[in-house]
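Remarks on the overall topology
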Amino acid sequence: MSNPILFHCPQTRGGTTRWMNEELGAPCAIEIVDIRSGAQKDPGFLARNPMGKVPALLDGDVIVTESAAICAHLADRYPDAGLAPPVGSAERGAYYRWMFFAPSVLEPMMLDRLTGVERENPGSAGHGRPEDVISAALAAVDGRDFIVGGAFTAADLVLASALRFAMMFGAIEKEEPFVSYVARMGDRPAAKRAAEKDAAAAAELGWT
Ligand SMILES: N[C@@H](CCC(=O)N[C@@H](CS)C(=O)NCC(=O)O)C(=O)O
């Protein structure tokens, strides 16, 4: 089976998937989609991903979209890297929990905050009250080296990326233990390599 192709653009959510690729020893070919030029809306790309968004992963003849799903898929596709707890284990449940928490709870809450949306009935919004989201995440990270069990998993990568964005854009306070957790994850050699490669790709596109 041929290696997957990761359609990616620097300075986007694709950075999370590029980091994942680096954690695995970079098995995916990277194809840059310049979203500032609108390449994500080209018919050829839309035929693959009708959302017209990056990242997207082509694995064989299957397309996987959504950063967290791509990371989860790659963790299973390359099991020797040990980035996902065994299927059916209790830790796998916690892994899914935090893997889904980032895009389905943290990110919508962050976008609400950044756009000034006040929910009349937070209970009907999947993410509920922002303060509950934040206190749940704080408690989950507090006193732990990793979000699940005793080792780094793809859930750390996805959660730390979401927390980093949320702090960077001011949707959540830069507070402990978020700051240390995100810094620790960002210090991983694979995270640094991904950031360097993204900086080079951005420079090649002529972005400052
Ligand atoms: N839920 C998706 C979001 C993907 C997304 O919104 N990507 C943005 C870049 S961060 C994009 O491609 N925007 C270009 C556009 O929508 O035209 C994920 O997590 O991968």
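Residues numbered from 1 in each chain as written. Predicted model: local features only at pLDDT ≥ 70, side-chain atom pairs only at ≥ 80, totals over all residues.

1. A closer look at the nonpolar core
The tendency in soluble globular proteins is for nonpolar side chains to be buried side by side. For clarity, the threshold we go by: A set of buried residues qualifies as a nonpolar core if it consists of Ala, Val, Leu, Ile, Met, Phe, Trp, Tyr and Cys joined through C-beta atoms within 7 Å. Neighbour counting defines burial: a residue surrounded by 20 or more other C-beta atoms within 10 Å of its own C-beta is buried, one with 12 or fewer is exposed, and intermediate counts give partly exposed, using backbone-placed C-beta atoms. Each domain's extent is set by a domain assignment, obtained either automatically or from a database.
Cys71, Leu106, Ala154, Val158 and Leu159 are the most contacted members of the largest nonpolar core, which has 51 residues in total. Of the domains in this structure, domain 1 (5-82 + 190-204) and domain 2 (90-188) are the two that each give at least three residues to this core.

2. A word on the environment of Glu131
The test is simple: Starting at the N terminus, helices and strands are each numbered in turn, a helix being any DSSP run of H or I of at least four residues and a strand any DSSP run of E of at least two.
Among the structural elements, Glu131 can be located in helix α5 (residues 130-141). Residue Glu131 is classed as exposed on the basis of its C-beta count, with 10 C-beta atoms lying within 10 Å. With 22 residues separating them along the chain, Glu131 and Met109 place their C-alpha atoms 9.6 Å apart.

3. Brief notes about the site of the ligand
To keep it simple, the criterion reads: Any residue qualifies as near a molecule or strand once its backbone-derived C-beta atom lies within 6 Å of it. Charged means Asp, Glu, Lys or Arg here, nonpolar means Ala, Val, Leu, Ile, Met, Phe, Trp, Tyr, Cys or Pro, and polar covers whatever is left, Gly included.
Residues in contact with the ligand, as listed here, are Thr12, Arg13, Ile35, Gln40, Gly52, Lys53, Val54, Pro55, Glu66, Ser67 and Pro103. Partitioning the shell around the ligand into residue classes produces four nonpolar, four polar and three charged.

4. Notes on the sheet that holds strand β4 (residues 62-65)
Under the convention used in this document: At least two DSSP bridges between two strands are needed for those strands to be called paired. Each axis is a line fitted through C-alpha atoms, taken for helices only over the stretch in contact, and angles between the N-to-C directions span 0 to 180 degrees.
Strand order in this open sheet of four strands is β2-β1-β3-β4, and the pairing throughout is mixed. Strands with a single pairing partner mark the edges of an open sheet, and in this sheet they are β2 (29-32) and β4. In this sheet, neighbouring strand axes are inclined to one another by 25 degrees on average, regardless of whether the strands run parallel or antiparallel. Of the pairings in the sheet, the one linking strand β3 (residues 56-59) to β4 comprises four bridges and is antiparallel in character.

5. Details of the domain arrangement of the protein chain
Quick reminder of the rule: By the criterion used throughout, residues are in contact when their C-beta atoms, derived from the backbone, lie within 7 Å.
Per the domain assignment, the segments of the protein chain are domain 1 (5-82 + 190-204) and domain 2 (90-188). With centres defined by C-alpha atoms, the gap from domain 1 to domain 2 works out at 21 Å. In this assembly, twelve residues from domain 1 lie in contact with ten residues from domain 2. Elements with a minimum of two residues in the side of domain 1 that touches domain 2: α1 (14-23), α3 (67-77) and α8 (189-204). Across the side of domain 1 that touches domain 2, the residue classes tally to eight nonpolar, two polar and two charged.

6. A word on α5
Worth spelling out the cut-off: The span you would expect from a helix comes to 1.5 Å times its residue count less one. Taken from the helix axis, the directions to the C-beta atoms give the arc we talk about.
The terminal C-alpha atoms of α5, which comprises twelve residues, lie 17 Å apart, in line with the 16 Å expected from a rise of 1.5 Å per residue. Among the residues making up α5, those that are buried are Val133, Ala137 and Val141. Down the axis of α5, the buried side of the element spans an arc of 55 degrees, and every buried residue falls inside it. Looking at α5, the residues exposed on the side facing more than 90 degrees away from the buried face are Glu131, Ser135 and Ala139. Contact partners of the buried residues in α5: α4 (90-115) and α7 (178-186). With its phi angle positive at about 75 degrees, Gly143 sits one or two positions after the end of α5.

7. A closer look at the packing of α4 against α5
When two helices pack together, you describe them by how their axes are tilted relative to each other and by the distance separating the axes. The condition is simple: Orientation labels follow simple angle bins: below 35 degrees gives roughly parallel, above 145 gives roughly antiparallel, 65 to 115 gives roughly perpendicular, and whatever is left gives oblique. The crossing is said to be left-handed when, going from far helix to near helix, the turn is anticlockwise and less than a right angle, and right-handed when the turn is clockwise.
It is the contact of α4 with α5, at a shortest axis distance of 10 Å, that shows an interaxial angle of 140 degrees. Classed by the angle they form, the pair α4 and α5 counts as oblique. Note on packing geometry: the crossing formed by α4 with α5 is left-handed. Facing Trp98, Val105, Leu106, Met109 and Arg113 of α4, the residues of α5 in contact are Pro130, Val133, Ala137 and Ala140. Its residues placed into classes, the contact of α4 with α5 shows eight nonpolar, no polar and one charged.

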